[in-house]
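# Geometric and topological summary
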Amino acid sequence: MKYSATLLLSGALFLAAGPSATAQNSSASPYRTRFAVDAPITLGLGAVSGLGLYLVQQKNGLTDAELARLSKNDVPKFDRFSAGNYSKSAQTAGDFLCYGSLVVAPGLLALNEDVRGRYGQVLGLYLQTMLTTDAIFTTTVGRVTRYRPFLYGTEGGATRNSKISTNSFFAGHTAHTATATFFAAKVFHDFNPNSPAEPFVWGRPPLCPPQWPTPALRRVNTFSQTILWAT
């Protein structure tokens with residue numbers, strides 16, 4: 001579900017970027033884009049993301065016998081502290097933090113007058129950037145099997161046998177949150193290079209990805225190593 005949610009958001013951005021691009025004013029932009037170049041790139045990234053999603057759907061979960069053979073001793077020592085933990089409420093909190101950032105980041109950029117004048121272009125670039133992350137994420141998850149930490153415990157219900165339980169590498173929530181927040185900071189900087197707010201703008205993104213893994217490590221659906229890789 002989380003993979004399709006990202007693709008649905010990307011589709012919404014694609015539809016939103018088109019009309020906005022024709023309505024934007026002539027304010028200067030630090031970026032050069034051409035529909036004939038960027039549209040095929042965006043569609044290509046969307047296709048790769050779709051392929052990755054297909055690969056994810058082809059994976060298989062573990063049987064009860066395979067789950068019984070799992071041991072925390074097989075987990076690297078630096079990740080072992082989170083093996084076996086699970087929390088549904090922490091999972092929900094992590095989802096809100098991640099998906100919220102995907103909407104809030106471009107929303108905050110719309111408050112800036114200079115960015116708003118080229119908002120169609122910025123939305124197009126945001127879509128392209130998010131699809132790049134999504135393409136890397138889905139194709140990696142689709143080809144790499146790493147068990148989620150809660151499999152080393154007893155909780156998780158039917159999820160324990162699902163294909164999602166093998167998708168621990170790498171942390172998709174962290175990767176997408178980092179992409180959205182750093183994109184917003186970079187765009188703000190490029191449109192407002194001498195703004196006194198820059199220290200605050202650049203200081204926030206590095207904090208966002210590590211903030212959501214705190215619930216992730218409690219729930220636990222992701223090892224710390226996979227979070228570092230995603231960031």
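So, a few notes on the structure that sits alongside this text. (Residues numbered from 1 in each chain as written. Predicted model: local features only at pLDDT ≥ 70, side-chain atom pairs only at ≥ 80, totals over all residues. Heavy atoms only, no water.)

### What about the overall build of the protein chain?
Put simply, the rule reads: Starting at the N terminus, helices and strands are each numbered in turn, a helix being any DSSP run of H or I of at least four residues and a strand any DSSP run of E of at least two. Here, two residues are considered to be in contact whenever any of their heavy atoms come within 4.5 Å of each other. Exposure was quantified through the Shrake-Rupley algorithm and a 1.4 Å probe, taking into account, for residues, occlusion by the shown protein chains and nothing else.
Counting secondary structure elements, the protein chain contains eleven helices and zero strands. Along the protein chain, from the amino end to the carboxyl end, the secondary structure elements read α-α-α-α-α-α-α-α-α-α-α. Long-range contacts, defined here as pairs at least 24 residues apart, represent 81% of the contacts in the protein chain between residues at least 6 apart. Looking at the protein chain as shown, the accessible area adds up to about 11,700 Å², and 63% of this sits on carbon and sulfur atoms.

### Description of helix H6 (residues 119-143)
Definition in use: What a helix should span is 1.5 Å times the count of its residues minus one. When accessible area is computed with a 1.4 Å probe and restricted to protein chains, residues below 20% of their type maximum are described as buried, those above 50% as exposed, and intermediate ones as partly exposed.
Taking 1.5 Å per residue, 25 residues should reach 36 Å; H6 reaches 36 Å between its end C-alpha atoms and fits that length. With respect to burial, H6 is a largely interior element, 19 of its 25 residues being buried.

### So, the environment of Asp79
We count it as follows: For this analysis, a polar contact is any N or O atom pair within 3.5 Å, provided that within protein one partner can donate a hydrogen and the other can accept it, and provided that sequence-adjacent residues contribute only side-chain to side-chain pairs.
Among the structural elements, Asp79 can be located in the loop between helix H3 (64-68) and helix H4 (88-109). A polar atom in the side chain of Asp79 sits 3.2 Å from the side chain of Arg146.

### With respect to the nonpolar core
As a reminder, the rule being used: For our purposes a nonpolar core is just a set of buried Ala, Val, Leu, Ile, Met, Phe, Trp, Tyr and Cys residues, chained together by side-chain atoms within 4.5 Å.
Membership of the largest hydrophobic core comes to 17 residues, with the highest contact counts inside it found for Leu109, Val115, Val122, Phe183 and Val187. Within the residue set of this core, elements represented by two or more residues are H4, H6 and helix H7 (172-191). With residues up to four places along the chain from it excluded, the contact list for Val115 reads Leu109, Val122, Val187 and Phe191.

### Observations regarding the packing of aromatic side chains
The line we're drawing: Classification of ring pairs uses Phe, Tyr and Trp, with its six-membered ring standing for Trp, and accepts pairs whose centres are within 6.5 Å; under 30 degrees between planes counts as stacked, over 60 as edge-to-face, and the remaining range as tilted.
Summed over the entire model, instances satisfying the criterion amount to three aromatic pairs. Plain terms: the ring middles of Tyr31 and Phe191 are 5.8 Å apart, the flat faces sit at 75° to each other, and that makes the pair edge-to-face. Of this pair, Tyr31 sits in the loop between helix H1 (2-23) and helix H2 (35-57) while Phe191 sits in helix H7, and the two are 160 residues apart along the sequence. Exposure class is identical for Tyr31 and Phe191. Each is buried. With a centroid separation of 5.2 Å and an interplanar angle of 55°, the aromatic rings of Tyr126 and Phe183 are classed as tilted.

### Focus on a nonpolar patch on the surface
We apply this condition: Any residue with relative accessible area above 30% and no salt bridge may belong to a patch, with like charges joined within 9 Å and the nonpolar Val, Leu, Ile, Met, Phe, Trp and Tyr side chains within 5 Å. In what follows, salt bridge is the name for a side-chain nitrogen of Lys or Arg lying within 4 Å of a carboxyl oxygen of Asp or Glu.
A contiguous nonpolar patch, built from Val104, Leu108 and Leu111 and spanning about 320 Å² of accessible area, is present on the exposed surface. Examined against the element boundaries, Leu111 turns out to sit in the loop between H4 and helix H5 (113-116). A relative accessible area of 66% places Leu111 in the exposed class.

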